[in-house]
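Coordinates in review
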Amino acid sequence: MSKDKNCLIVRAAGRQLDLLRGEASRIAKGSNVDWWIDQAEVGTRFCFEDTKSKESFALACDNFGIPCQDG
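Keep in mind the model is a prediction, meaning the values are calculated, not measured. (Residues numbered from 1 in each chain as written. Predicted model: local features only at pLDDT ≥ 70, side-chain atom pairs only at ≥ 80, totals over all residues. Heavy atoms only, no water.)

**Re the nonpolar core**
Soluble globular proteins tend to pack their nonpolar side chains together in the buried interior. Residues Val-10, Leu-20, Ala-24, Phe-46, Phe-48, Phe-57 and Cys-61 are the most contacted members of the largest nonpolar core, which totals 14 residues. Every element with two or more residues in this core is listed here: strand 1 (7-10), helix 1 (14-31), strand 3 (44-48) and helix 2 (51-64). In this view, Cys-61 contacts Val-10, Leu-20, Ile-66 and Cys-68; residues no more than four positions away in its chain are not counted. (Core = buried A, V, L, I, M, F, W, Y, C linked by side-chain atoms within 4.5 Å. Buried < 20%, exposed > 50% of the residue type's maximum accessible area, 1.4 Å probe, protein only. Helix = DSSP H or I, 4+ residues; strand = E, 2+ residues; numbered from the N terminus. Contact = heavy atoms within 4.5 Å.)

Listed below in structure tokens is the structure:
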């Protein structure tokens, strides 16, 4: 169930990862789309059903100072 075009890989653990999960949930709920998490080779892959949600999540990562990349 991986549509990689709407996925971002983040390198976070513990509280940072919990914070990002909450943010992903809030963004997806606000856009009325689904989201999911997969384990990436290095990091965690956050995937969304649409590009707008992915871009909002990338902005949130930047605001929290957590690096992310397309994946």
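**Focus on the packing of aromatic side chains**
One pass over the structure, following the stated rule, counts three aromatic pairs. Ring plane angle 5 degrees and centroid distance 6.2 Å describe the contact between Trp-35 and Phe-46, whose orientation is recorded as stacked. Here Trp-35 is found in strand 2 (residues 35-39), whereas its partner Phe-46 is found in strand 3, with eleven residues between them in sequence. Its relative accessible area of 0% is what places Phe-46 among the buried residues. On the basis of an interplanar angle of 50 degrees and a centroid distance of 5.3 Å, the ring pair of Phe-48 and Phe-57 is categorised as tilted. Summarising the burial analysis for this pair, Phe-48 and Phe-57 share the class buried. Among the aromatic residues, those joined into a cluster by ring pairs are Trp-35, Phe-46, Phe-48 and Phe-57. (Phe/Tyr/Trp six-rings, centres within 6.5 Å; stacked < 30°, edge-to-face > 60°.)

**Brief notes about the state of the cysteines**
Using the criterion set out here, one finds one disulfide in the structure. In this model Cys-7 forms its disulfide with Cys-47; the gap between the sulfur atoms is 2.0 Å. Measuring handedness by torsion sign, the sulfur bridge of Cys-7 and Cys-47 sits at about 110 degrees and is right-handed. Here Cys-7 is found in strand 1, whereas its partner Cys-47 is found in strand 3, with 40 residues between them in sequence. This cysteine, Cys-61, is not joined by any disulfide, and Cys-68 carries the nearest cysteine sulfur, 4.3 Å off. Residue Cys-61 is classed as buried on the basis of its relative accessible area, which comes to 0%. (Disulfide = S-S within 2.5 Å.)

**Description of the sheet that holds strand 1**
If you trace the four strands from one edge of the open sheet to the other, you get 2-3-1-4, paired in antiparallel fashion. Of all strands in the sheet, those bounded by a partner on one side alone are strand 2 and strand 4 (68-70). Neighbour-to-neighbour, the strand axes of this sheet turn through a mean angle of 30 degrees, independent of strand direction. Contacts from helix 1 reach strand 1, strand 2 and strand 3 within the one sheet, and its direction differs from that of strand 3 by about 10 degrees. Contacts from helix 2 reach strand 1, strand 3 and strand 4, with the element oriented near 20 degrees to strand 1. (Pairing = 2+ DSSP bridges. Axes fitted to C-alpha atoms, helices over the stretch in contact; angles between N-to-C directions.)

Functional significance is not addressed by these values, which are geometric in nature.
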